[in-house]
Amino acid sequence: MKIVADDKIPFLKGVLEPYAEVVYLPGGKITRRDISDADALLIRTRTKCTGDLLSGTRVSFIATATIGFDHIDTRFCKKNGITWTNAPGCNSSSVQQYIASALLKIASEFRFSLKGRTIGITGVGNVGSKVEKLAAILGMNILLNDPPRARKEGGEKFSDLKTILAESDIITFHVPLNVVGRDSTWHLVSEKSLKKMKKGAWIINSSRGEVADTAGLFKVLTSGKLGGAVLDVWENEPDIDLELMSKTFIATPHIAGYSTDGKANGTSMAVNSLSRHFGLPLSDWYPECLPSPEQPEIFIDGSGKSDEEIVHIAVNYSYNIDEDNFKLRFAPSDFEKQRGEYRVRREFPAFTVKLAGASTRAYKMLDELGFSVVRS
């Protein structure tokens, strides 16, 4: 059996070799010739699995180690008997960490508290639900927008997009890319929709670049209507619009879900799915040990600090979003390199917070985020 795999999928090398010939290639450069005699593909978003790539090959199974699957032509796969799987929820906690770092930086930089502010969460699946939990921990007012869930569950807990736009201080998007249909998300963020937002409101997009219209977003940011924007995803990646980047508060190279834990989860889910499909003895495989943070203990003296300031210190210690922001601004042409060589970034449970002089609420907030918290 032959498997072609993206060479940037972490923790994968050596796992499948006892059972198959495995060829590792750059995801964006995999060709039909490369996979002509392959039985399976293990990919990320950079491999576009269209009919042009798959026609005439032996591929019968595709696993993407990512939440999104808009890079897979699912209709072609169904028509041609190709099984495909994705990794739903694999990096939801990673995106939660990214949003936490972004929100707390915005609040700190512009000197306001997140408590009592209204956040609109558009897309409340695995990722959006984690962001909803984060917002509740931070004491924010929460509006949820998810038309498919509203139709299925009833609309009581959900708001329409018009309400989200009009009432939110911050809107964050966690939707799949749907180009057509009643739930189309292509250019959901447009000049027209952005003009309906409150003056001074913020927008965060860590879903898909095509969810936001580059020209429209640039125009509205330039007008000064919005407080600012945090963008992790871009149209035409990796060739991002530098003018738009110059107008953002935070700009990162599609790494919101790139925690080491999230990557391990995605690789595990891909390997497990492939193993079940082909009957290999790896259906419960998970990387044996993830690299530890360089400094897994966080010491915080909470005396004179608000609960939100204490949480900000802990979150920033686990993940400082400015590191990725500065790297992209300094070298935007290295977009793919920055993704491919991304550093070890562990999620909240990998850290122990030793906290002194803080309120009971601060301890509870950190505990609910997943930190291990001890009184110092």
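For the structure itself, look to the data block above.
In this text, all values refer to a predicted model and were calculated from it rather than measured experimentally.

**Remarks on the overall build of the protein chain**
Turning to step 1, where the next piece is worked out: Of regular secondary structure, the protein chain possesses 15 helices and 14 strands.
Turning to step 2, where the next piece is worked out: Across its three principal axes, the protein chain shows a C-alpha extent of roughly 65 × 50 × 45 Å.
Turning to step 3, where the next piece is worked out: A total of 376 residues make up the protein chain; the buried ones form 54% of that total.
Turning to step 4, where the next piece is worked out: Contacts in the protein chain between residues far apart in sequence, at least 24 positions, make up 62% of those at least 6 positions apart.
Turning to step 5, where the next piece is worked out: When the accessible surface of the protein chain is summed, it comes to about 16800 Å², and 49% of that surface belongs to carbon and sulfur atoms.
Turning to step 6, where the next piece is worked out: Once the 48 positive and 46 negative side-chain charges of the protein chain are each reduced to a mean point, those two points are 4 Å apart.

**A word on the side chain of Gln338**
Turning to step 1, where the next piece is worked out: Tracing the backbone through its elements, the reader meets Gln338 in helix H14 (residues 335-340).
Turning to step 2, where the next piece is worked out: Taking relative accessible area as the criterion, Gln338 reaches 14% and is therefore assigned buried.
Turning to step 3, where the next piece is worked out: At 3.4 Å, the side chain of Gln338 and the backbone nitrogen of Leu328 are in polar contact.
Turning to step 4, where the next piece is worked out: Discounting residues that sit within four places of it in the chain, Gln338 has contacts with Pro253, Lys327, Leu328 and Ala331.

**Considerations on the sheet that holds strand E8 (residues 170-173)**
Turning to step 1, where the next piece is worked out: Taken together, the 6 strands give an open sheet; going across it, the order is E7-E6-E8-E9-E10-E11, and neighbouring strands pair in parallel fashion. Only two strands of the sheet have a single neighbouring strand rather than two, namely strand E7 (141-145) and strand E11 (250-251).
Turning to step 2, where the next piece is worked out: Bridging between E8 and strand E9 (residues 202-205) involves 4 bridges; their strand directions are parallel. For Phe173, the partnering residue across the bridge sits in E9 and is Asn205.
Turning to step 3, where the next piece is worked out: Strands in contact with helix H4 (residues 92-109) are strand E6 (118-122), E8, E9, strand E10 (228-231) and E11; relative to E10, the strand with the most contacts, it is inclined by about 155 degrees.

**Remarks on a nonpolar patch on the surface**
Turning to step 1, where the next piece is worked out: Nonpolar side chains collect at one region of the surface, where Val179, Val180 and Trp186 lie side by side and expose about 330 Å² of accessible area between them.
Turning to step 2, where the next piece is worked out: In this structure, Val179 sits in the loop between E8 and helix H8 (191-194).

**Describing the environment of Cys49**
Turning to step 1, where the next piece is worked out: Its location among the elements puts Cys49 in the loop between strand E3 (40-43) and helix H2 (51-54).
Turning to step 2, where the next piece is worked out: Distance in space between the C-alpha atoms of Cys49 and Gly125 is 24 Å, their sequence separation being 76 residues.
Turning to step 3, where the next piece is worked out: Setting aside chain neighbours within four positions, we find Cys49 in contact with Leu41, Ile43, Leu54, Ile62, His71, Ile72 and Asp73.

**With respect to the nonpolar core**
One recurring pattern in soluble globular proteins: nonpolar side chains tend to sit buried together.
Turning to step 1, where the next piece is worked out: Counting residues in each nonpolar core, the largest one holds 53 residues, and the members touching the most others are Tyr98, Leu103, Leu114, Leu138, Leu355 and Phe371.
Turning to step 2, where the next piece is worked out: Where this core is concerned, the elements lending two or more residues are H4, E6, helix H5 (126-137), E9, strand E12 (297-301), helix H12 (307-318), strand E13 (352-356) and helix H15 (360-369).
Turning to step 3, where the next piece is worked out: In terms of residue count, H4 provides more of this core than any other element does, 9 residues in total.
Turning to step 4, where the next piece is worked out: Setting aside chain neighbours within four positions, we find Leu114 in contact with Leu103, Leu104, Ala107, Leu138, Gly139, Met140, Ile170 and Glu308.
Turning to step 5, where the next piece is worked out: Val189, Leu194, Met197 and Leu231 belong to the second largest nonpolar core, which has 26 residues in total.

**Some words on H15**
Turning to step 1, where the next piece is worked out: Residues of H15 that are buried include every one of Ala362, Tyr363, Met365, Leu366 and Leu369, and no others. Within H15, the buried residues cover an arc of 160 degrees as seen down the axis, which keeps them to one side. The exposed residues of H15 that point more than 90 degrees off its buried face are Thr360 and Lys364.
Turning to step 2, where the next piece is worked out: Those residues of H15 that are buried lie in contact with H5, H12, E13 and strand E14 (372-375).
Turning to step 3, where the next piece is worked out: Once H15 ends, the next one or two residues include Gly370, with phi positive near 115 degrees.

**As for the packing of H5 against H15**
Turning to step 1, where the next piece is worked out: Contact geometry of H5 with H15 gives a least axis separation of 10 Å together with a crossing angle of 175 degrees. Judged by the inter-axis angle, H5 sits roughly antiparallel to H15. Packed against H5, whose contacting residues are Lys133, Leu134 and Ile137, the element H15 presents Arg361, Met365, Glu368 and Leu369 at the interface.
Turning to step 2, where the next piece is worked out: Residue composition of the contact of H5 with H15, grouped by class: 4 nonpolar, no polar and 3 charged.

**Regarding the sheet that holds E13**
Turning to step 1, where the next piece is worked out: Strand order in the open sheet formed by 3 strands is E12-E13-E14, with parallel pairing between adjacent strands. Looking at strand neighbours, the two that pair on one side only are E12 and E14, the edges of this open sheet. Within the sheet, the average angular offset between the axes of one strand and its neighbour, ignoring direction, is 25 degrees.
Turning to step 2, where the next piece is worked out: The pairing of E12 with E13 spans 5 bridges and is parallel. Within the sheet, the bridge partner assigned to Ile300 lies in E13 and is Leu355.
Turning to step 3, where the next piece is worked out: The strands touched by H12 are E12 and E13; relative to E12, the strand with the most contacts, the crossing angle is about 160 degrees.

**Observations regarding the packing of aromatic side chains**
Turning to step 1, where the next piece is worked out: Taken as a whole and judged by the stated rule, the model has 9 aromatic pairs.
Turning to step 2, where the next piece is worked out: When the centroid spacing of 5.4 Å and the interplanar angle of 75 degrees are considered together, the rings of Trp202 and Phe249 count as edge-to-face. Residue Trp202 is found in strand E9, and its partner Phe249 is found in the loop between helix H10 (242-247) and E11; the two are separated by 47 residues along the sequence.
Turning to step 3, where the next piece is worked out: The exposure class assigned to Phe249 is buried, which follows from its relative accessible area of 18%.
Turning to step 4, where the next piece is worked out: An aromatic cluster is built from Phe110, Trp202 and Phe249, whose rings are joined through pairwise contacts.
Turning to step 5, where the next piece is worked out: Lying over the aromatic face of Phe112, Arg117 brings its terminal NZ or CZ to 4.2 Å of the ring centre.
Turning to step 6, where the next piece is worked out: Between Arg375 and the ring centre of Tyr363, over which it is positioned, the NZ or CZ distance is 4.0 Å.

Criteria and thresholds
Residues numbered from 1 in each chain as written. Predicted model: local features only at pLDDT ≥ 70, side-chain atom pairs only at ≥ 80, totals over all residues. Heavy atoms only, no water. Helix = DSSP H or I, 4+ residues; strand = E, 2+ residues; numbered from the N terminus. Buried < 20%, exposed > 50% of the residue type's maximum accessible area, 1.4 Å probe, protein only. Contact = heavy atoms within 4.5 Å. Areas by Shrake-Rupley, 256 points an atom, 1.4 Å probe, with all protein chains shown as cover. Lys, Arg positive; Asp, Glu negative; His and termini not counted. Charge placed at Lys NZ, Arg CZ, Asp CG, Glu CD. Polar contact = N/O pair within 3.5 Å; in protein donor to acceptor, adjacent residues only side chain to side chain. Pairing = 2+ DSSP bridges. Axes fitted to C-alpha atoms, helices over the stretch in contact; angles between N-to-C directions. Patch = residues over 30% accessible without salt bridge, like charges linked within 9 Å, V, L, I, M, F, W, Y side chains within 5 Å. Salt bridge = Lys/Arg side-chain N within 4 Å of Asp/Glu carboxyl O. Core = buried A, V, L, I, M, F, W, Y, C linked by side-chain atoms within 4.5 Å. Arc of directions from axis to C-beta. Parallel < 35°, antiparallel > 145°, perpendicular 65-115°, else oblique. Nonpolar A, V, L, I, M, F, W, Y, C, P; charged D, E, K, R; others polar. Phe/Tyr/Trp six-rings, centres within 6.5 Å; stacked < 30°, edge-to-face > 60°. Lys NZ or Arg CZ within 6 Å of the ring centre and 35° of its normal.

Shape descriptors only; they carry no functional weight alone.
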